[in-house]
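Spelled out from the first residue to the last, the chains are:
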Amino acid sequence: MKVIKNYINGQLINPVFDKHLENVDPSRGKVYSTIPDSTAEDVQLAVDAAEKAFYGWANTSKEKRSAILMKMAQLVEDRLDIFAEAESLDNGKPVSLAKAVDIPRAVSNLRFFATGILHFASESHYMESEGVNYTTRKPIGIVGCISPWNLPLYLFTWKIAPALAAGNCVIAKPSEITPMTAYMLSEICLEAGLPAGVFNIVHGLGHKVGDAMSRHPKIKAISFTGGTKTGEIISSIAAPMFKKLSLELGGKNPNIIFADCDFEDALSTTMRSSFANQGQICLCGSRIFIERPIYEKFKTAFVEKTKKSKVSFPSDPEAKLGAVVSQSHMEKILSYIQLAKEEGGTVLTGGQRVILEGEYKDGYYLQPTIIEGLSYDCRVNQEEIFGPVVTITPFDTEEEALMMANSTQFGLAATVWTTNLKKAHRVADNLQSGIVWLNSWLVRDLRTPFGGVKASGVGREGGFEALRFFTEAKNVFVKS
Ligand code: NAD
């Protein structure tokens, strides 16, 4: 059984109290590794190491920092297959998805910020007769990065890469449910020549490690991606300490499909936006609003395609859906399907656990599920389920579609399907959402601002926004 260790001060070590948690392979429902059950004492060790390393790293040239991050990217890319298989084993997602999306994107994140820092400039503001202001942007110091289980290495690197590129020392905590690829990355750091203490990974539970990070007075900023409730807990601790906070939280994203859409494109993309990664992507569209003239046609085609989506073990090349991440998450999703029935919904397809054969018989597999007949404001249409479950609802007017789309507490992402350009822009403009895709889904340019409004988050990541977050601006005025 693989024993995952913390990465502190350039060393792979056991937690101070030598306690460990079990790590489950969701495709088989079996424990396959252990991870440190770290505590505030381990966070303290990491902070001590980061504090010692900070001066050196902040004063390392950006070219050198960039080169180390590029080396890390290269080393992950060289091991793409091993990383993808490990990600899939830890998370339950199809290996093909981890190979095509998760690991390549982790490599891109590292490269993007390794090069981004070379182009990051600060501002100067000239005042005609008085003088000039110039603004410096210095690293903050020690920063904390806390990430979730759905896109483990992808989201972990999305945070640590800009933080390190900007010259900060980092204490990072991957999800305890999917710690493996972060551990593999720590092995790579040694080889890439990252100085000891610059980057530290403390594994363990949110209410222990994450909590200790949120409370630690020397951790000056927290970049968090995860659930809205957890974001609320973290901000209740960190905000009164005046820490910088970037919160990427939950969603309940609408897809608005107008009758004048490109039907086939809307249909095939909606298949992906509903069920990719077993519906466990914060950007998945889970409430699908369809204009009445094409409602029946869309519904029939969508149900038919969904029935054909193969649910299988992650290494099956034909698997469209693998396992969901854990038994408790599977049970939560099933409880929402039950709730949908109680709220008057009809399950058009899916709704059940899938039991595979042989070694996968205890894995956490679910049928992709489509539900209709629910009111837009019922719990199933308002709360985040985060699984392969979507609802479909007809609408008659643009105003009605917008009202329903904007009715939740969330506002992360939305998709709109129409060939009417004016309508597309108008609807995009009126959606309460940080991200809108018109006639597409999940097309990502890493330079763009990424984040949500309302209960989906605070702040933006991506591009220079991330580098601004991980630096402090100081304005200096010089009299002329
Ligand atoms: P989660 O909030 O349970 O956990 C996220 C991370 O926070 C984990 O590392 C966890 O250990 C840690 N944590 C838990 N309790 C904590 C506490 N009290 N203090 C500090 N840290 C704590 O979320 P999850 O179940 O891992 O991930 C799923 C959620 O993440 C969904 O709501 C999804 O929408 C959201 N998500 C959002 C985005 C985005 O970009 N907005 C991206 C991916 C996932």
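Since the structure is predicted, the reported quantities are computational estimates derived from the model, not experimental observations.

*Asks:* Let's hear about the domain arrangement of the protein: which residues, and what values?
*Replies:* According to the domain assignment, the protein contains domain 1 (2–249 + 454–479) and domain 2 (253–438). A separation of 31 Å is found between the C-alpha centroids of domain 1 and domain 2. Residue-level contacts link 24 residues of domain 1 with 30 residues of domain 2. Overall, the association of domain 1 and domain 2 removes approximately 2,200 Å² of surface from exposure, summing both partners, and the carbon and sulfur fraction of that is 54%.

*Asks:* Could you give an account of unusual backbone geometry, naming the residues involved and the relevant values?
*Replies:* Even without being a glycine, Asp 18 presents a positive backbone phi close to 55°. Note on placement: Asp 18 falls in the loop between strand S3 (11–13) and strand S4 (20–25). Note on Asp 18: relative accessible area 48%, which makes it partly exposed. In this structure, Phe 386 takes a positive phi of about 65° despite not being glycine. Relative to the helices and strands, Phe 386 is located in the loop between helix H12 (379–382) and strand S19 (389–395).

*Asks:* Outline the site of the ligand, listing residues and values.
*Replies:* With respect to spatial proximity, 29 residues lie near the ligand, and among them Ser 147, Glu 176, Thr 230, Leu 249 and Glu 384 are the closest. Between the ligand and Thr 230 there is a distance of 2.6 Å, counted from an oxygen atom to a side-chain nitrogen or oxygen. Within the side chain of Glu 384, an N or O atom sits 2.5 Å from an oxygen atom of the ligand. When isolated, the ligand has an accessible area of 840 Å², and the protein chains bury 89% of it. Partitioning the shell around the ligand into residue classes produces 13 nonpolar, 11 polar and five charged.

*Asks:* Can you explain the environment of Lys 243? Please cite residues and give values.
*Replies:* Topologically, Lys 243 is positioned in the loop between helix H8 (228–238) and strand S12 (244–248). When the C-alpha atoms of Lys 243 and Arg 215 are compared, they prove to be 9.7 Å apart, with 28 residues separating the residues in sequence. At a separation of 3.3 Å, a polar atom in the side chain of Lys 243 contacts the main-chain carbonyl oxygen of Met 213. Within the local environment of Lys 243, its side chain forms a polar contact with the backbone oxygen of Ile 219, the two atoms lying 3.0 Å apart.

*Asks:* Now, about helix H11 (residues 327–342): what can you tell me, with residues and values included?
*Replies:* The end-to-end C-alpha separation of H11 is 23 Å, in line with the 22 Å expected for 16 residues at 1.5 Å each. Residues of H11 that are buried sit in contact with strand S15 (346–349), strand S16 (353–354), strand S17 (365–366), strand S18 (369–372), H12 and S19. Looking one or two residues beyond H11, the residue adopting positive phi is Gly 344, at roughly 100°.

*Asks:* Give me the lowdown on the side chain of Thr 415, citing residues and values where you can.
*Replies:* Within the secondary structure layout, Thr 415 lies in strand S20 (residues 413–417). Owing to a relative accessible area of 2%, Thr 415 belongs among the buried residues under this scheme. In contact with Thr 415, not counting residues within four places along its chain, are Pro 254, Asn 255, Ile 256, Trp 437, Ser 440 and Trp 441.

*Asks:* Run through the pattern of salt bridges, naming residues and quoting values.
*Replies:* Per the stated rule, a full pass over the model turns up 26 salt bridges. Asp 102 is the partner of Lys 93 in a salt bridge, and the nearest nitrogen-oxygen pair spans 2.6 Å. Accessibility expressed as a relative area gives 0% for Lys 93, which makes it buried. With its nearest N and O atoms 3.7 Å apart, the salt bridge here joins Glu 318 to Lys 310.

*Asks:* Before we move on, can you summarise the sheet that holds S15 with the specific residues and values?
*Replies:* With mixed pairing, seven strands are arranged side by side in an open sheet as S15-S18-S19-S14-S13-S20-S21. The open sheet has two edge strands, S15 and strand S21 (435–438), and neither has a second partner. Taking each pair of neighbouring strands and ignoring which way they run, the sheet shows an average axis angle of 25°. As judged from the four bridges shared by S18 and S19, these two strands associate in the parallel manner. For Ile 370, the partnering residue across the bridge sits in S19 and is Val 390. Where helix H10 (residues 292–308) meets the sheet, it contacts strand S13 (253–257), strand S14 (285–291), S15, S18 and S19, and its direction lies at approximately 140° from that of S14.

Parameters at a glance
- Residues numbered from 1 in each chain as written.
- Predicted model: local features only at pLDDT ≥ 70, side-chain atom pairs only at ≥ 80, totals over all residues.
- Heavy atoms only, no water.
- Domains from an automatic or database assignment.
- Contact = heavy atoms within 4.5 Å.
- Buried area = accessible area lost by both parts, 1.4 Å probe.
- Helix = DSSP H or I, 4+ residues; strand = E, 2+ residues; numbered from the N terminus.
- Buried < 20%, exposed > 50% of the residue type's maximum accessible area, 1.4 Å probe, protein only.
- Near = heavy atom within 4 Å.
- Polar contact = N/O pair within 3.5 Å; in protein donor to acceptor, adjacent residues only side chain to side chain.
- Areas by Shrake-Rupley, 256 points an atom, 1.4 Å probe, with all protein chains shown as cover.
- Nonpolar A, V, L, I, M, F, W, Y, C, P; charged D, E, K, R; others polar.
- Expected span 1.5 Å × (residues − 1).
- Salt bridge = Lys/Arg side-chain N within 4 Å of Asp/Glu carboxyl O.
- Pairing = 2+ DSSP bridges.
- Axes fitted to C-alpha atoms, helices over the stretch in contact; angles between N-to-C directions.

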